[in-house]
Amino acid sequence: MEEEQIRVINIIVIGVIVWGVSFILTRKIFSSYSFDFCNRLLSTVHATVAVTLATLSVQDWSCPVCPRASKPSPQQMDTMAFSLSYMIYDLICCQFDQVISIDNAVHHFVSILGFVAGLAYQKSGSEIIATLWIAEISSPFYHLREILKEIGYRDTSLNLAADVCFATIFTLARIVCGPFLVYVSLTADNPIFIKAMGSGLQLVSIFWFYKIFGMMRYKLFKKPKLNKKAT
């Protein structure tokens, strides 16, 4: 086995263990908060680090998705392995929550398959890194809106601002940039499996956009409740 493959496997295995231990410690530190709250704290950390690593591993800023259908650079492989370790941890962790989200589980499963395919085929490095960036850039605001609710800021201007930031960034990244990235992946010489995973993630994003649009329409245009006077 090549040294590069050993390094990637080590990052994945150690990463899953570190994420698991970090969650246990987070649960102990924030014992008065919910399972979901603690998991979202770690999810925010992953999203922030993943976007940073993805940004640093872009090979050509004049064309962020270039070279197309190329072998991942060592830095890109490490970034993919880092996020793969998190996706494995989170998929397992979410099974222990009281409410299991089917669409979220599908998203994680497709993401895991995409990372594994990219590392196994040794292709599509630029496309997968761009997908990671697009997928995670809105995540900190997504988790922030739920964290704010649990610490007492539900239905406040701060929570609404987090909602608007999340919805705006999600729309620009996944609905505006996402289809272009899918087109780039489908027209390049990528393995059919990776093309299928990219298309699958876009379909999940469109489904989520439908739900987000409904949420924002309700929050921005809902009628204020009127207090009934006692008679």
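Residues numbered from 1 in each chain as written. Predicted model: local features only at pLDDT ≥ 70, side-chain atom pairs only at ≥ 80, totals over all residues. Heavy atoms only, no water.

Some details on the state of the cysteines
Threshold: Pairs of cysteine sulfur atoms within 2.5 Å are identified as disulfides in what follows. With a 1.4 Å probe rolled over the protein chains alone, any residue whose accessible area is under 20% of its type maximum counts as buried; one over 50% counts as exposed, and the rest are partly exposed.
What the rule picks out here adds up to one disulfide. The partner cysteine of Cys63 in its disulfide is Cys66, sulfur to sulfur 2.0 Å. Negative torsions about the S-S bond denote left-handed disulfides, and the value of about 50° found for Cys63 with Cys66 makes this one right-handed. Among the residues examined, Cys63 registers a relative accessible area of 21% and is labelled partly exposed. No disulfide involves Cys38; its sulfur sits 9.4 Å from that of Cys93, the nearest cysteine. Here Cys38 falls in the buried class, since its relative accessible area comes to 0%. No disulfide involves Cys165; its sulfur sits 17 Å from the nearest other cysteine sulfur, which is in Cys177. On the accessibility criterion, Cys165 (32% relative accessible area) is partly exposed.

A few points about the UniProt feature "transmembrane region" (unreviewed entry) in the protein
Heads up, the condition is: UniProt positions are given in the numbering used here, feature names are shortened, and annotations may be inferred rather than shown by experiment. Put simply, DSSP marks the helices as runs of H or I at least four residues long and the strands as runs of E at least two long, and each gets a number from the N terminus on.
When the UniProt feature table is mapped to this numbering, "transmembrane region" (unreviewed entry) covers residues 6-25, 164-186 and 192-213. The span residues 6-25 carries 100% helix and 0% strand; its end-to-end C-alpha distance comes to 28 Å. Structurally, residues 192-213 is divided into 100% helix and 0% strand, and its ends, taken at the C-alpha atoms, are 32 Å apart.

Comments concerning helix α5 (residues 125-136)
Going by this rule: One fewer than the residue count of a helix, multiplied by 1.5 Å, yields its expected span. Whether two residues are in contact is decided by their heavy atoms, any of which lying within 4.5 Å being enough.
For α5, with twelve residues, the first-to-last C-alpha span of 17 Å sits near the 16 Å given by 1.5 Å per residue. The secondary structure elements touched by the buried residues of α5 are α2 (35-56), α3 (74-94), α4 (102-121), α6 (139-153) and α7 (157-187).

Section: unusual backbone geometry
Of the consecutive residues Cys66 and Pro67, the connecting peptide bond is found in the cis state with omega at -5°. Within the secondary structure, Pro67 sits in the loop between α2 and α3. One non-glycine residue, Ala69, adopts positive backbone phi at about 50°. Under the relative-accessibility criterion, Ala69 is labelled buried at 16%. In this structure, Asp155 takes a positive phi of about 55° despite not being glycine. Position of Asp155 among the secondary structure elements: in the loop between α6 and α7.

Let's talk about the pattern of salt bridges
Pairing is possible between side chains of opposite charge, provided their charged atoms come close. Stated precisely, the cut-off is as follows: Whenever a carboxyl oxygen of Asp or Glu lies within 4 Å of a side-chain nitrogen of Lys or Arg, that contact is scored as a salt bridge.
Considering all chains together, one arrives at seven salt bridges under this definition. Put simply, Arg7 and Asp78 hold a salt bridge, and the shortest N to O gap is 2.8 Å. Placement of the pair is Arg7 in helix α1 (residues 3-29) and Asp78 in helix α3, with a sequence separation of 71 residues. Judged by its relative accessible area of 29%, Arg7 falls in the partly exposed class. Among the residues examined, Asp78 registers a relative accessible area of 25% and is labelled partly exposed. Across the pair Glu146 and Lys149 runs a salt bridge, and its minimum N-O distance is 3.3 Å. Of this pair, Glu146 and Lys149 both sit in helix α6, three residues apart, roughly one helical turn. Look at Glu146 and you get partly exposed, because its relative accessible area is 22%. Judged by relative accessible area, which is 18%, Lys149 ranks as buried. Each of Arg145, Glu146, Lys149, Asp163 and Lys219 takes part in a single network of salt bridges with overlapping partners.

A short note on the packing of α6 against α7
Relative orientation and spacing of two packed helices are given, respectively, by the angle between their axes and the distance between those axes. For clarity, the threshold we go by: Angles shown run from 0 to 180 degrees and are taken between the N-to-C directions of axes, each axis being a line fitted to C-alpha atoms and, for helices, limited to the stretch in contact. If an angle is under 35 degrees, it is roughly parallel; if it is over 145, roughly antiparallel; if it lies from 65 to 115, roughly perpendicular; otherwise it is oblique. Crossing chirality is assigned from the near helix's rotation relative to the far helix, an anticlockwise turn below a right angle marking it left-handed and a clockwise turn marking it right-handed. Each residue gets one label: Ala, Val, Leu, Ile, Met, Phe, Trp, Tyr, Cys and Pro are nonpolar, Asp, Glu, Lys and Arg are charged, and the others, such as Gly, are polar.
In the contact formed by α6 and α7, the axes pass within 8 Å of each other and the chain directions differ by 165°. The angle between the axes of α6 and α7 places the two elements in the roughly antiparallel class. The chirality of how α6 crosses α7 is left-handed. In this structure, α6 uses Phe141, Tyr142, Leu144, Arg145, Leu148, Lys149 and Tyr153 to contact α7, whose residues at the interface are Leu158, Asn159, Ala162, Asp163, Cys165, Phe166 and Ile169. Looking at the contact of α6 with α7 residue by residue, the classes come out as ten nonpolar, one polar and three charged.

Digging into α4
Taking 1.5 Å per residue, 20 residues should reach 28 Å; α4 reaches 28 Å between its end C-alpha atoms and fits that length. When we look at burial in α4, the residues that qualify are Asp103, His107, His108, Val110, Ser111, Ile112, Gly114, Phe115, Ala117, Gly118 and Leu119. Where α4 is buried, its residues contact α1, α3, α5, α7 and α8 (192-221).

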